[in-house]
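Residue-level structural notes
As a plain string of letters, each chain reads:
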Amino acid sequence: MDSIKQAVELARATENMPRQGERAPGLSAGVRPGSVDARTREVRLNSAHLESSRIVAHGASIEHGRYYDMLRTQVLQEMDKKSWQFLAVTSPTAACGKTVTACNLALSIARLPERLVLLVDLDLRKPAVAKYLGLGDTGGILSVLEGASPSSEIIQANIGPNSLLVLPGSVSSSGSSEWMASQTMSTLLQTIKRDFRSRIVIFDMPPILLGDDVISILPRMDAALLVAGVGTTSVSDIKECQKHLQRTPVVRVVLNKATESADSYYGYY
Ligand SMILES: Nc1ncnc2c1ncn2[C@@H]1O[C@H](COP(=O)(O)OP(=O)(O)OP(=O)(O)O)[C@@H](O)[C@H]1O
Ligand SMILES: [Mg+2]
């Protein structure tokens, strides 16, 4: 529980983090304005690296980025109506594009002046957020759950004038489903909900149908975004997912990896 206590402290400090160009409220002398905590790592994201991982929503003018901006608007409208904070990004099966979608959505939200976002990699089997964003080696969420100091685990990722917070993932060798269903995880999520209440929190999840990780955590989410992969997701996969999503509102279903865009269909290109 010690780690949770530290997480609470970190979270509180983090909420005082100023946006770019703002002064930090109550920062003591010697702590750099803009930092979450003296020990919190800041990473400047590299746009070439992002784009090589299909992360394109960090700039308004990057090709395909506007699809994520449209998704952002739709998702935020739904979430704001109900005052929802936690959004799970999941899919029926593997490799549908959940992580790409979660990172793009988070970066797109981070570009909105009045919005704050925290991206949490909750895939304890195949975490990929740190790799896609180019965050380098991290202990990640498992270190927090296992009791290591979390102060270096939340990363402030900066790109241009924007920034987002990221809690990267890590692989659990001792059973991801047990962690997902654990009281420790529940406490951590409650802590995040309370101490990051001004932020939309996006959770990058594993697939729903390949284990019970997502099923255990869905009751703690406010809403879900379902990513279906064209050519990989079948109608029966989606129907199977619906059974598990009966109590979790699905804000959007993203049809990912489609070769023909709506724009080309309507002749905009
Ligand atoms: N719209 C897209 N078009 C083409 N390729 C894509 C698209 N979105 C994602 N990909 C590619 O598909 C692969 C899987 O993407 P991603 O890691 O986001 O999927 P995932 O659902 O998170 O996978 P996992 O189930 O392993 O967590 C990656 O190589 C990614 O670059
Ligand atoms: Mg993934």
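Structure shown above.
Here's a quick rundown of the structure. Residue positions within a chain follow its written sequence, with the count starting from 1. Numbering of ligands from 1 and lettering of chains from A proceed in the order in which they are written. At least 70 in pLDDT is required for a residue's local features to be given in this predicted model, at least 80 for side-chain atom pairs to be given and counted, and no such filter applies to totals for whole chains, interfaces and linings, which use all residues. Side-chain measures were taken over the full set of non-hydrogen atoms in the model, leaving aside hydrogen atoms and water.

Let us now look at the overall build of the protein chain. Helix and strand assignments follow DSSP, with helices taken as H or I runs no shorter than four residues and strands as E runs no shorter than two, numbered in order from the N terminus. For the protein chain, the helix and strand inventory stands at eleven helices and eight strands. Relative to its 269 residues, the protein chain shows a buried fraction of 55%. The Shrake-Rupley method, run with a 1.4 Å probe sphere, supplies the accessible areas, and residue values consider only the shown protein chains as cover. Taken as a whole, the protein chain presents about 12,600 Å² of accessible surface, with 51% of it coming from carbon and sulfur. Burial classes follow relative accessibility: with a 1.4 Å probe on protein chains only, a residue under 20% of its type's maximum area counts as buried, one over 50% as exposed, and anything between as partly exposed.

So, about the side chain of Thr233. With respect to the helices, strands and loops of the structure, Thr233 is situated in the loop between β7 (223-229) and α10 (235-244). A polar side-chain atom of Thr233 sits 2.8 Å from the main-chain amide nitrogen of Gly229. In this analysis, two residues are considered to be in contact whenever any of their non-hydrogen atoms come within 4.5 Å of each other. Ignoring anything within four residues of it in the chain, the contact list for Thr233 reads Pro92, Thr93, Cys96, Ala228 and Ile238. N or O atoms closer than or at 3.5 Å make up a polar contact, with two conditions inside protein: a donor-capable atom paired with an acceptor-capable one, and, for residues adjacent in sequence, both atoms drawn from side chains.

Bringing the layout of surface pockets into the picture now. Here the idea is plain: a probe the size of a water molecule rolls over the atoms and shows the empty space left. One number sums up the size of the largest pocket: a volume of about 1,400 Å³. Lining of the largest pocket is provided by 42 residues; of these, Tyr68, Thr101, Val254, Asn256 and Lys257 occupy positions nearest its centre. Looking at the lining of the largest pocket, the elements with two or more residues in it are α3 (65-81), α4 (98-110), α5 (129-133) and β8 (250-256). In this analysis the probe radius is 1.4 Å and the grid spacing 1 Å, with only protein atoms considered; a cavity is a set of points the probe fits into but cannot get out of, a pocket is an open set with protein on both sides within 12 Å along at least five of seven lines, and lining residues have an atom within 4 Å of a point. Grid points are joined across faces, edges and corners, and a volume is the space filled by probe spheres set on the points.

With that settled, the discussion passes to the side chain of Asp213. Tracing the sequence through the fold places Asp213 in helix α9 (residues 213-217). Once residues lying within four places of it in the same chain are set aside, the contact partners of Asp213 are Arg125, Ser176, Ser177, Met180 and Pro206.

This next bit is on the packing of aromatic side chains. Ring pairs are drawn from Phe, Tyr and Trp, using the six-membered ring of Trp, whenever the two centres fall within 6.5 Å, and their geometry is named by plane angle: stacked under 30 degrees, edge-to-face over 60, tilted for the rest. Applying the stated criterion across every chain, the model contains one aromatic pair. Note on criteria: charge over ring means Lys NZ or Arg CZ within 6 Å of the ring centre, with the direction from the centre no more than 35 degrees off the ring normal. The ring of Phe86 carries Lys193 above its face, with NZ or CZ at 4.4 Å from the centroid.

This part covers the site of ligand 1. Every one of the 14 residues lining ligand 1 counts as a neighbour, but Lys98, Thr99, Val100, Tyr132 and Asn256 are closest to it. Take Cys96: an N or O atom from its main chain is 3.1 Å from an oxygen atom of ligand 1. Here ligand 1 has 620 Å² of accessible area as a free molecule, and 75% of this is covered by the chains. Occupancy of a cavity or pocket is assigned to a molecule whenever over half of its atoms lie within 2 Å of that pocket's grid points. Mapping ligand 1 onto the cavity grids shows that it belongs to the largest pocket. The dominant element in the shell around ligand 1, judged by the number of residues it contributes, is α4, at three residues. Residue proximity to a molecule or strand is established when one non-hydrogen atom of the residue lies within 4 Å of it.

In this structure, Arg54 is a non-glycine residue whose phi angle is positive, near 65°. Within the secondary structure layout, Arg54 lies in the loop between α2 (47-52) and α3. By relative accessible area, which is 64% here, Arg54 ends up exposed. The phi angle at Lys257 is positive, at roughly 65°, despite the residue not being glycine. By the secondary structure assignment, Lys257 is in the loop between β8 and α11 (262-265).

All right, on to the sheet that holds strand β1 (residues 41-44) then. For two strands to be treated as a pair, DSSP must find at least two bridges joining them. Taken in spatial order, the eight strands of this open sheet run β1-β4-β5-β3-β6-β2-β7-β8, and their pairing is mixed. This sheet does not close on itself; its edge strands, each paired only once, are β1 and β8. Recorded for the sheet is a direction-independent mean angle of 25° between the axes of neighbouring strands. Of the pairings in the sheet, the one linking strand β3 (residues 116-121) to strand β5 (residues 162-167) comprises three bridges and is parallel in character. Following the sheet pairing, Leu119 is matched in β5 by Val166. Most of the contacts of α3 go to β8, to which it runs at about 165°, and overall it touches β2 (86-90), β6 (199-204), β7 and β8. To define axes, lines are fitted to C-alpha atoms, for helices over the stretch in contact only, and angles between the resulting N-to-C directions are given on a 0 to 180 degree scale.

This part is about the nonpolar core. Residues Leu133 and Ile202 are the most contacted members of the largest nonpolar core, which totals 42 residues. Tallying contributions element by element places α4 first for this core, with eight residues. If near-sequence neighbours (up to four positions away) are discounted, Ile202 is found in contact with Leu87, Val89, Ala102, Leu105, Ala106, Ile109, Val117, Leu118, Leu119 and Val120. Counting 32 residues, the second largest nonpolar core, distinct from the first, contains Leu118, Ile141, Leu189 and Cys241. Think of a nonpolar core as a cluster: buried Ala, Val, Leu, Ile, Met, Phe, Trp, Tyr and Cys residues, connected wherever their side-chain atoms sit within 4.5 Å.

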